Amino acid sequence: MLTSRPYLARALYEWLLDNEQTPYVVVDAGKPDVRVPQQFVQNGQIVLNIAPAAVRDLSIDNVAVTFGARFSGQPMQVVVPMDALIAIYARENGVGMVFGQEPVMPSFASEEDAALEDEGRPTLESVDSRVEEDAVESSESAAETNDARSDRPEKGKPSLRIVK
């Protein structure tokens, strides 16, 4: 499965803007591939204003949050990989979300890899229709001889039975 973090970040960003709040993000500046102004990093983290008036070309995609901004008058392209995004919240009231550590998501393995992993496991196979008919006939005759099961409906008509 894909991580839910980018989907939640996009939704919270839109929600904050709709409520006329200023969206801020908290970033773990020590993660690989993070590009932020290092002079403003404190305790390994940086808080960035991502309001439309503060940034250019904001993109919150499934891989990273990217935008252009000016820091002390110097333009910079900021890149925040999704695993480095710690939180998104409103400056005015602190409402938002802190992203916890997500469990490792299983990757989409190729069919060949899946086949190797499944060796030795039970599998489902189609059954010859004649064998299936014999099994149905023998189960029907067993049901006829058992008085406890005589209240079953005819084959082919699914129903629920209350067992007390």
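Residues numbered from 1 in each chain as written. Predicted model: local features only at pLDDT ≥ 70, side-chain atom pairs only at ≥ 80, totals over all residues. Heavy atoms only, no water.

Draft legend 1. Representation of helix H1 (residues 5-18) in the model. For H1, spanning 14 residues, the distance from its first C-alpha to its last is 20 Å, which sits close to the expected 20 Å at 1.5 Å a residue. Close packing links the buried residues of H1 with strand E1 (23-28), strand E3 (56-60), strand E6 (85-90) and strand E7 (96-98). Glu20 sits one or two residues past H1 and shows a positive phi near 55°. (Helix = DSSP H or I, 4+ residues; strand = E, 2+ residues; numbered from the N terminus. Expected span 1.5 Å × (residues − 1). Contact = heavy atoms within 4.5 Å.)

Draft legend 2. Structural context of the pairing of strand E2 (residues 45-49). The two faces of E2 differ: Ile46 and Leu48 on one face are buried, but Gln45, Val47 and Asn49 on the other face are not. Bridge analysis of E1 against E2 gives 5 bridges, and the strand direction is antiparallel. Directly across from Val25, in E2, lies its bridge partner Leu48. (Buried < 20%, exposed > 50% of the residue type's maximum accessible area, 1.4 Å probe, protein only. Pairing = 2+ DSSP bridges.)

Draft legend 3. Structural detail: the packing of aromatic side chains. Under the definition given, this model contains 2 aromatic pairs. Across the ring face of Tyr7, the terminal group of Arg10 is positioned such that the distance to the ring centre comes to 4.8 Å. (Phe/Tyr/Trp six-rings, centres within 6.5 Å; stacked < 30°, edge-to-face > 60°. Lys NZ or Arg CZ within 6 Å of the ring centre and 35° of its normal.)

Draft legend 4. Spotlight on the pairing of strand E4 (residues 64-71). With 6 of 8 residues buried, E4 lies mostly within the body of the structure. By the bridge criterion, 8 bridges tie E4 to strand E5 (residues 74-81) in an arrangement that is antiparallel. Along E5, the bridge assignment pairs Phe71 with Gln74. The turn joining E4 and E5, which pair antiparallel and follow one another in sequence, is formed by 2 residues; a positive phi near 55° is taken by Ser72.

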